[in-house]
Every structure is written in structure tokens, then in C-alpha cells.
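Now for the letters of each chain:
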Amino acid sequence: GQQVMQIPQYQHVQEGEDFTTYCNSSTTLSNIQWYKQRPGGHPVFLIQLVKSGEVKKQKRLTFQFGEAKKNSSLHITATQTTDVGTYFCGPGNTPLVFGKGTRLSVIA
Amino acid sequence: DVKVTQSSRYLVKRTGEKVFLECVQDMDHENMFWYRQDPGLGLRLIYFSYDVKMKEKGDIPEGYSVSREKKERFSLILESASTNQTSMYLCASSFSNRGSYEQYFGPGTRLTVT
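Everything numeric here is computed off the predicted structure, so don't read it as measured data.

Rules of the game
- For every chain, the first residue of the written sequence is number 1, and numbering continues from 1 along that sequence.
- Chains and ligands are labelled by the order in which they are written, letters from A for the one and numbers from 1 for the other.
- Only residues with pLDDT of 70 or above have their local features reported here, since the model is predicted, and side-chain atom pairs are shown and tallied only from 80 upward, although totals for entire chains, interfaces and linings are computed over all residues.
- The side-chain values count all of the structure's non-hydrogen atoms but skip hydrogen atoms and water molecules.
- Here a residue-residue contact requires only that any non-hydrogen atoms of the pair lie within 4.5 Å.
- Reported buried area values correspond to the accessible surface (1.4 Å probe) lost by two parts on association, with both partners' losses combined.
- When a carboxyl oxygen of Asp or Glu is within 4 Å of a side-chain nitrogen of Lys or Arg, the pair counts as a salt bridge.
- Labels follow the DSSP assignment, with helices taken as runs of H or I lasting at least four residues and strands as runs of E lasting at least two, numbered in each case from the N terminus.
- Classes in brief: Ala, Val, Leu, Ile, Met, Phe, Trp, Tyr, Cys and Pro nonpolar; Asp, Glu, Lys and Arg charged; the others, Gly included, polar.
- With a 1.4 Å probe rolled over the protein chains alone, any residue whose accessible area is under 20% of its type maximum counts as buried; one over 50% counts as exposed, and the rest are partly exposed.
- Following DSSP output, two strands are said to pair if at least two bridges run between them.
- The axes used here are C-alpha line fits, helices contributing only the stretch in contact, and every angle between their N-to-C directions lies in the interval 0 to 180 degrees.
- Stacked, edge-to-face and tilted are the three classes for Phe, Tyr and Trp ring pairs, Trp counted by its six-membered ring, which pair at centre distances within 6.5 Å; planes under 30 degrees apart are stacked, over 60 edge-to-face, the rest tilted.
- As used here, the term nonpolar core means buried Ala, Val, Leu, Ile, Met, Phe, Trp, Tyr and Cys residues forming a set that is joined through side-chain atoms within 4.5 Å.

1. Quick word on the interface of chain B and chain A
Here is step 1: Of the residues lining the interface, 23 residues belong to chain B; the matching set on chain A comes to 19 residues.
Here is step 2: Counting each side, the surface lost to burial between chain B and chain A is near 1,600 Å², with a carbon and sulfur contribution of 54%.
Here is step 3: Across the contact surface, chain B and chain A share zero salt bridges.
Here is step 4: At the level of secondary structure, the elements contributing two or more residues to the side of chain B that touches chain A comprise β4 (31-38), β5 (42-49) and β9 (87-94) of chain B.
Here is step 5: Here the side of chain B that touches chain A is composed, by residue class, of eleven nonpolar, nine polar and three charged.

And the structure:
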């Protein structure tokens, strides 16, 4: 199946700093999904991107899908301690095969 | 709200035991999935099912089998548990006839094989 690489694997930021995680594929994706997993919790769906160059916002979170539909990014503005967790991406077709995720730590 | 439940939150089994992990969803989803999650390895797909009595191997099916006799229930079976199967097991479900394929996850079962 389609594989995606996520970078960085870990990120530690001070509260209030911005954060970005990247999702890269060697093949063109039909769409991409993002999930968040809080420590001790289970993955929860955040968003799906479908169109080339698409940008979607959810409050302080901005999601982008590359023009070539081979990469995607999640940017968090002014991180808060509630943003702590692991962010996963994956091609949004069944079955969903996730990247290894980016674990975000926020230092208050 | 969609609810995906798993039979146990924590489970301790001995090497060689047969282990059943149960997953039930209440949203009439066609698709159901079993993943295991290990530190540094992310979420890896074990098996999935598109419909009752149908199953497909994922990336790491060795040592596991599945059963889907009813639409709402998907069972993961460890025929003879081994210590390398100690892990967090996550079940998920989704629709198959809508564009989103958003997956809903259960709370997970942390299995320890001693």
C-alpha cells in the first residue's frame, strides 16, 4: 500500500511557539487524513484534504495539501499544552496506512 | 456519537495461550480494522474487513487471525500468544460508501504476554 513519511519524529516547543509537521509520499495521493492521539488516548480524526493545493483551518491548526498531492503539512500557531500528543497522517483510502507520527511536547 | 468499544482495556496472558480481542461498533460501519501500536513504529495494520465474513491481511498479519461473523463485531485472535505480541491493540471502523473514510478508533487494549 501507499506509504508516507512524517518528519520530524519528535518536536519539543515552548508554549506559544509555532509547530509544523510534514507528511511526504513518493506517490500521488488521492487524499490525505490527519489524526491526533493524546497521551494515553486513541487516534481521533482531525481532517481530510482532497484537492491539490487545498488549505483548511481549524482554529490555530492549518492543514495544507501540496500542489502535486504528494505532501501535506500541519501547522499549529502559538502552541498550547492542550496540543500535546502525536499527530499522524495517512492516505485517506481504505485501508488507512499511517505514517509513524510526530510526537509534540509543549513546555509550559 | 460513534462508539467503538473494545472488550478489555488491559490484558495479561501467558505465552502459548489463545487470546481473543473483541471490538464492537454501533454505527453500522462496513469497514473494521485492527492495528497494533508500538513505540517508534507507529500504527501498523494487522487485518481489516470490508464486510461480514470478509477479511484482508494488512502489513503484519503473521501470528494473528480475525473473525467477522456480524457486521458490528470484529475479533482479533492470537492463536498462540508470544512475548513479541505484547503491544497496544487498536480497533477502528469506517463507512465504505462515503468519500471521507474517516476512521473511528476504540480506546485500545494493552496486552502483555508473559
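2. Quick notes on the pattern of salt bridges
Here is step 1: What the rule picks out here adds up to eight salt bridges over all chains.
Here is step 2: When the shortest N-O distance is used, the salt bridge between K56 of chain A and E54 of chain A registers 3.6 Å.
Here is step 3: For K56 of chain A, a relative accessible area of 30% puts it in the partly exposed group.
Here is step 4: For K53 of chain B, the salt bridge identified is with E69 of chain B, shortest N-O distance 2.4 Å. You can see K53 of chain B sitting in the loop between β5 and β6 (56-57) and its partner E69 of chain B sitting in strand β7 (residues 64-70), a full 16 residues away along the chain. Each member of the pair, K53 of chain B as well as E69 of chain B, carries the same accessibility label: exposed.
Here is step 5: Members of the salt-bridge network, linked through shared partners, are R36, D38 and R44 of chain B.

3. Quick look at the sheet that holds strand β7 (residues 61-65) of chain A
All names here are of chain A.
Here is step 1: Read across the open sheet, the five strands follow the order β1-β3-β8-β7-β6; overall the sheet is antiparallel. A single partner strand is all that each edge strand has here, and the edge strands are β1 (4-7) and β6 (55-58). Going from strand to strand, the sheet's axes swing by 15° on average, the running direction of each strand aside.

4. Thoughts on the environment of E72 of chain B
All names here are of chain B.
Here is step 1: For E72, the location among the structural elements is in the loop between β7 and β8 (73-78).
Here is step 2: By relative accessible area, which is 32% here, E72 ends up partly exposed.
Here is step 3: Spatially, the C-alpha atom of E72 lies 22 Å from that of L11, the residues being 61 residues apart in sequence.

5. Details of the packing of aromatic side chains
Here is step 1: Per the counting criterion, the structure on display carries 13 aromatic pairs over all chains.
Here is step 2: Between the aromatic rings of F19 of chain A and Y87 of chain A, the centroid separation amounts to 6.0 Å while the plane-to-plane angle is 45°, which identifies the pairing as tilted. Of this pair, F19 of chain A sits in strand β3 (residues 19-25) while Y87 of chain A is found in strand β9 (residues 85-91), placing the two residues 68 residues apart along the sequence.
Here is step 3: For F19 of chain A, a relative accessible area of 1% corresponds to the buried category.
Here is step 4: A ring pair is formed by Y35 of chain A and F98 of chain A, whose centres lie 5.2 Å apart and whose planes are at 75°; its orientation type is edge-to-face. Of this pair, Y35 of chain A sits in strand β4 (residues 32-37) while F98 of chain A sits in the loop between β9 and β10 (102-107), placing them 63 residues apart in sequence.
Here is step 5: By relative accessible area, which is 5% here, F98 of chain A ends up buried.
Here is step 6: In textbook terms, an aromatic cluster arises when at least three aromatic residues are bridged by ring pairs, as seen for Y35, F45, F88 and F98 of chain A together with F33, Y35, F48, Y50 and F105 of chain B.

6. Re the nonpolar core
Here is step 1: Membership of the largest hydrophobic core comes to 20 residues, with the highest contact counts inside it found for W34, I46, L76, L78 and Y89 of chain B.
Here is step 2: At the level of secondary structure, the elements contributing two or more residues to this core comprise β3 (19-25), β4, β5, β7, β8, β9 and β11 (109-113) of chain B.

7. With respect to the sheet that holds β3 of chain B
Neighbouring strands of a sheet are bound in pairs by backbone hydrogen bonds; such pairs are parallel or else antiparallel.
All names here are of chain B.
Here is step 1: The four strands lie next to each other as β1-β3-β8-β7, forming an open sheet whose pairing is antiparallel. Each of the sheet's edge strands pairs with one partner strand only, and the pair in question is β1 (4-6) and β7. When strand polarity is set aside, the average angle formed by the axes of neighbouring strands in this sheet is 20°.
Here is step 2: Note: β3 against β8, six bridges, orientation antiparallel. Residue C23 lies in a different strand from β8, and its bridge partner there is F74.

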